[in-house]
Amino acid sequence: MKRVNLVISQIVAIVLLFGCMDDSVIPTSPVDLYGSRGVFIVNEGNYMWGNASLSYYDFDTKLVTPDIFSLANGIPLGDVAYSMTIRNGRAYIVVNNSGCIYIVDSNTMLIEGQVNGLVSPRHTLFLNENTLLVSDLYARGISLVDIPTRMVTGKISTGKATLPFYQHPTENLIRINNTIFSNCWSYDNKILLIDTDQLKVIDSIEVGVQPLHMVTDGHGKIWVMNDGGYLGNPFGFEKPSLMRIDPFTLQVEVRLNFPSYTDMAGRLATNPAGDTLYFICNHLYRMPVSSNTLPTQPFIQRNGRNFRALGIDALTGNILIADAADYLSEGKVYIYRPSGLQIESFSVGIIPTAFCFN
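Residues numbered from 1 in each chain as written. Predicted model: local features only at pLDDT ≥ 70, side-chain atom pairs only at ≥ 80, totals over all residues. Heavy atoms only, no water.

K.L.:
Mind showing me how you'd approach the pattern of salt bridges here?
P.N.:
Pairing of side chains with opposite charge becomes possible as their charged atoms draw close. Throughout the structure, instances matching the rule amount to 9 salt bridges. Arginine 122 is the salt-bridge partner of glutamate 171, the closest N and O atoms lying 2.8 Å from each other. In this pair, glutamate 171 is assigned in the loop between β11 (151-157) and β12 (173-176) and arginine 122 in strand β8 (residues 121-126), connecting sequence segments 49 residues apart. Grouping residues by exposure puts glutamate 171 and arginine 122 together as buried. (Salt bridge = Lys/Arg side-chain N within 4 Å of Asp/Glu carboxyl O. Helix = DSSP H or I, 4+ residues; strand = E, 2+ residues; numbered from the N terminus. Buried < 20%, exposed > 50% of the residue type's maximum accessible area, 1.4 Å probe, protein only.)

What follows is the structure, given as structure tokens:
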């Protein structure tokens, strides 16, 4: 019996390492989030360690449920969780290095299905009720997923095999009317424009080296954070920069360079009104979206923390920011009022990288 158990354990470990598990053999123990208002914290975990997790914080009870996905389903989340979206009572959890997306009931967290066969998925966008777009780091394209069948049915090509460095990788997906904008982060400096009718790239905007993250503000402008690359980067190395782009003229209206090549640029977010931009660059800063200059003083000091995920509660305007610590230990989430007053902090999983509000 011990030998049989050992063999089963080895098989499970192999399946977890190379992809999502078959949900037909998963023991279930549903949680109950009906009526709960809270936030999911997507914890990446370490690359190739298979220790990604999903934490949940209830705003009313102030209770934290660690590893809520595993609690409900009896299995680990996988290798490098990256993003999560909720639509029509279902949560779509992107597990990057496992090459899959888990589809779960957002109230019970029970797995309803999964999308497999993805190369290195990053973010999702619903094109319509039946089609999900999935950006990808290495696929040189955006995958088209049929939601009812959970099958990959096609790909929007973004880069030919002759391009170096897997150009053009895709990250965030923002839709404005009939155009989708996607930033090409790794070894790149482009924002791609994709027509929603033709499902192909129709144009691009040149930005700074390695556009890491982008959001829209209340005026419909696109803000892009470029991390600038790194010393020895074959694609280039420059100071990190923040840009504002008009999505209709495709012009860069403002480019704000940070003082140092070593500044650690990070995520962006806007307040509920869309008139204030928050961004991570070593510390947390805020500025009016109408500003043409960078703020001179941090809004929230880093104080030895490693700021990574950033989110704004649309109901209260409260600011959530995650500390990835040393990338090996548990991370921590801090909640601040719009005034900058800290009102809460709690521990989460390893490398908290994204928030998804419930």
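Moving on, there is more to tell.
K.L.:
What exactly am I supposed to notice about the pairing of strand β19 (residues 252-257) here?
P.N.:
Sheet faces and side chains relate simply in a regular strand, where the side chains alternate between the two faces. Strand direction decides the pairing type here: strand β18 (residues 241-245) and β19, joined by 5 bridges, are antiparallel. Each residue of the ladder has a partner; that of arginine 244, found in β19, is valine 254. The hairpin formed by β18 and β19 contains 6 residues between the paired strands, and leucine 250 there has a positive phi angle of roughly 65°. (Pairing = 2+ DSSP bridges.)

K.L.:
I tried to follow the packing of aromatic side chains on my own but got confused; where do I start?
P.N.:
The geometry of an aromatic ring pair comes down to the distance between the two centres and the angle between the two planes. Counting across every chain of the model gives 12 aromatic pairs. Considering the side-chain rings of tyrosine 57 and phenylalanine 346, the 4.3 Å spacing of their centres and the 5° angle between planes classify their relative orientation as stacked. Of this pair, tyrosine 57 sits in strand β2 (residues 53-58) while phenylalanine 346 sits in strand β26 (residues 342-350), and the two are 289 residues apart along the sequence. With respect to burial, tyrosine 57 and phenylalanine 346 carry one shared label: buried. Measuring from ring centre to ring centre gives 5.2 Å for phenylalanine 237 and tyrosine 261, while their planes differ by 55°; the resulting arrangement is tilted. (Phe/Tyr/Trp six-rings, centres within 6.5 Å; stacked < 30°, edge-to-face > 60°.)

K.L.:
Just to check I follow, could you spell out the sheet that holds β26 for this structure?
P.N.:
Pairing between the strands of a sheet comes from backbone hydrogen bonds, and it takes one of two forms, parallel or antiparallel. On the basis of which strands lie adjacent, the open sheet formed by 4 strands has the order β23-β24-β25-β26 and antiparallel pairing. Looking at the sheet topology across the chains shown, the edges are occupied by β23 (307-312) and β26. Taking the axes of each pair of neighbouring strands and ignoring which way they run, one obtains an average angle of 20° across the sheet. Of the strand pairs in this sheet, strand β24 (residues 319-323) and strand β25 (residues 330-336) are connected by 5 bridges, and their pairing is antiparallel. From the neighbouring strand, isoleucine 319 faces β25, where its bridge partner is tyrosine 336. (Axes fitted to C-alpha atoms, helices over the stretch in contact; angles between N-to-C directions.)

K.L.:
Would you take a moment to explain the sheet that holds strand β13 (residues 179-184) for this structure?
P.N.:
On the basis of which strands lie adjacent, the open sheet formed by 4 strands has the order β12-β13-β14-β15 and antiparallel pairing. Only two strands of the sheet have a single partner each, and these edge strands are β12 and β15 (200-206). Geometrically, the sheet is characterised by an average inter-axis angle of 25° between neighbouring strands, direction not taken into account. The pairing of β13 with strand β14 (residues 190-195) spans 6 bridges and is antiparallel. When the bridges of β14 are listed, isoleucine 180 appears paired with isoleucine 194.

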